[in-house]
Amino acid sequence: MAIDELDAKLLSLLTAEPRLGVLECSRRLGVARGTVQARLDRMIARGVITGFGPEVSPAALGYDVMAFVTMEIRQVAGHDPVADRLAHIPEVLEVHTITGGSDLICRVVARTNADLQRVIDQIVEVQGVLRTSSVIALDTPVPYRVLPLVADVPRRVAR
């Protein structure tokens, strides 16, 4: 689904200040409240906006170590049973199926390097996981972001 310039401005505004209400968004964007609400409803319905929850820092919760764990799995039943089991490990923040030499990649957190070993041991115990490899993230110079993409979409659609 393409977004237009107003959608991009609305998304940028809500990303910068997620607690703004519809009325304040309409005031700042210079459009009717109903327009803002209709745009939000449309973007939610089409899956452009996927949530409004707070962003939580694992480090602020005591999970100072972040790592990426790749896995080779036994593919008898596919990826879903393994991913379902991984979802029960609280330190597994996300799981993606991937191409290449491995089948899955997880972003995980731990309190310490020793605690990371415990998390990896839990991952290895998951039925269907054959082999893992991990790397520890030292820093996050470019955190997850979508605003540059959002800002670029209306420009590309206009071409």
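Just above sits the structure.
Since this is a predicted model, take the numbers as computed values, not measurements. (Residues numbered from 1 in each chain as written. Predicted model: local features only at pLDDT ≥ 70, side-chain atom pairs only at ≥ 80, totals over all residues. Heavy atoms only, no water.)

J.: Honestly, the overall build of the protein chain in this entry has me stumped. Any pointers?
T.: Helix and strand counts for the protein chain come out as 6 helices and 4 strands. Helices and strands in the protein chain line up, N terminus first, as α-α-α-β-α-β-β-α-β-α. Computed over its C-alpha atoms, the radius of gyration of the protein chain comes to 20 Å, more than 25% above the 15 Å expected for a compact globule of 159 residues. In terms of its C-alpha atoms, the protein chain occupies a principal-axis envelope of roughly 55 × 35 × 25 Å. Taking all 159 residues of the protein chain together, 29% fall into the buried category. For the protein chain, the share of sequence-separated contacts (at least 6 apart) that also reach a separation of at least 24 residues comes to 65%. (Helix = DSSP H or I, 4+ residues; strand = E, 2+ residues; numbered from the N terminus. Rg over C-alpha atoms; globule rule 2.2 N^0.38 Å. Buried < 20%, exposed > 50% of the residue type's maximum accessible area, 1.4 Å probe, protein only. Contact = heavy atoms within 4.5 Å.)

J.: Sorry, what's going on with the sheet that holds strand S4 (residues 129–137) here?
T.: Within a beta sheet, neighbouring strands are joined by backbone hydrogen bonds and run either parallel or antiparallel to one another. With antiparallel pairing, 4 strands are arranged side by side in an open sheet as S2-S3-S1-S4. Only two strands of the sheet have a single neighbouring strand rather than two, namely strand S2 (92–97) and S4. Looking at each pair of strands side by side, their axes are set apart by 20° on average, direction ignored. Relative to strand S3 (residues 104–110), S2 is paired through 5 bridges, and the arrangement is antiparallel. Within the sheet, the bridge partner assigned to His96 lies in S3 and is Ile105. The sheet strands contacting helix H5 (residues 113–125) are strand S1 (65–73), S2, S3 and S4, and the helix crosses S4 at an angle near 155°. (Pairing = 2+ DSSP bridges. Axes fitted to C-alpha atoms, helices over the stretch in contact; angles between N-to-C directions.)

J.: Explain the nonpolar core here, please?
T.: Within soluble globular proteins, side chains that are nonpolar generally end up buried alongside one another. Ranked by internal contacts, the top residues of the largest apolar core, which has 19 residues, are Met71, Val82, Leu86, Val108, Leu116 and Ile123. Listed by contribution, the elements that provide at least two residues to this core are S1, helix H4 (80–86), S3 and H5. Ranked by residues supplied to this core, first place goes to S1 with 5 residues. The contacts of Leu86, once residues within four sequence positions are left out, are Met71, Val92, Val95, Leu104, Cys106, Ile123 and Val126. One finds Ile3, Leu20, Val22 and Ile49 within the second-largest nonpolar core, a separate group that totals 14 residues. (Core = buried A, V, L, I, M, F, W, Y, C linked by side-chain atoms within 4.5 Å.)

J.: What am I meant to see in the environment of Ala67 here?
T.: Mapped onto the elements of the fold, Ala67 is located in strand S1. Among the residues examined, Ala67 registers a relative accessible area of 0% and is labelled buried. Between the alpha carbons of Ala67 and Glu5 there is a distance of 37 Å; along the sequence they are 62 residues apart. Not counting residues up to four positions away in its chain, the partners in contact with Ala67 are Cys106, Arg107, Val108, Leu116, Val135, Ile136 and Ala137.

J.: So what exactly am I meant to see when it comes to the packing of helix H1 (residues 5–16) against helix H2 (residues 22–29) here?
T.: Each pair of packed helices gets described by two things: the angle between the helix axes and the distance between those axes. In contact at an axis separation of 11 Å, H1 and H2 are set at 125° when each is read in the N-to-C sense. The angle between the axes of H1 and H2 places the two elements in the oblique class. As for the relative orientation of H1 and H2, their crossing is right-handed in sense. Residues Leu6, Lys9, Leu10, Leu13 and Leu14 of H1 form the contact with H2, whose participating residues are Cys25, Arg28 and Leu29. Of the residues belonging to the contact of H1 with H2, the class tally is 6 nonpolar, no polar and 2 charged. (Parallel < 35°, antiparallel > 145°, perpendicular 65-115°, else oblique. Left-handed = near helix turned anticlockwise from the far one by under 90°. Nonpolar A, V, L, I, M, F, W, Y, C, P; charged D, E, K, R; others polar.)

J.: What should I look at first to understand a nonpolar patch on the surface in this one?
T.: On the surface, Tyr144, Val146 and Leu149 cluster together into a nonpolar patch covering about 380 Å² of accessible area. Judged by its relative accessible area of 35%, Val146 falls in the partly exposed class. (Patch = residues over 30% accessible without salt bridge, like charges linked within 9 Å, V, L, I, M, F, W, Y side chains within 5 Å. Areas by Shrake-Rupley, 256 points an atom, 1.4 Å probe, with all protein chains shown as cover. Salt bridge = Lys/Arg side-chain N within 4 Å of Asp/Glu carboxyl O.)

J.: Before we go on, may I ask you to explain H5 in this structure?
T.: Note on helix geometry: an α-helix contains 3.6 residues per turn, so any two residues three or four positions apart are oriented the same way. Compared with an ideal rise of 1.5 Å per residue, which puts 13 residues at 18 Å, H5 spans 19 Å between its outermost C-alpha atoms and is within 8% of the ideal. Against the buried residues of H5 lie S1, H4, S2, S3 and S4. For H5, the N-terminal cap is Thr112; the gap from its side-chain oxygen to the backbone nitrogen of Ala114 is 3.4 Å. (Expected span 1.5 Å × (residues − 1). Polar contact = N/O pair within 3.5 Å; in protein donor to acceptor, adjacent residues only side chain to side chain.)

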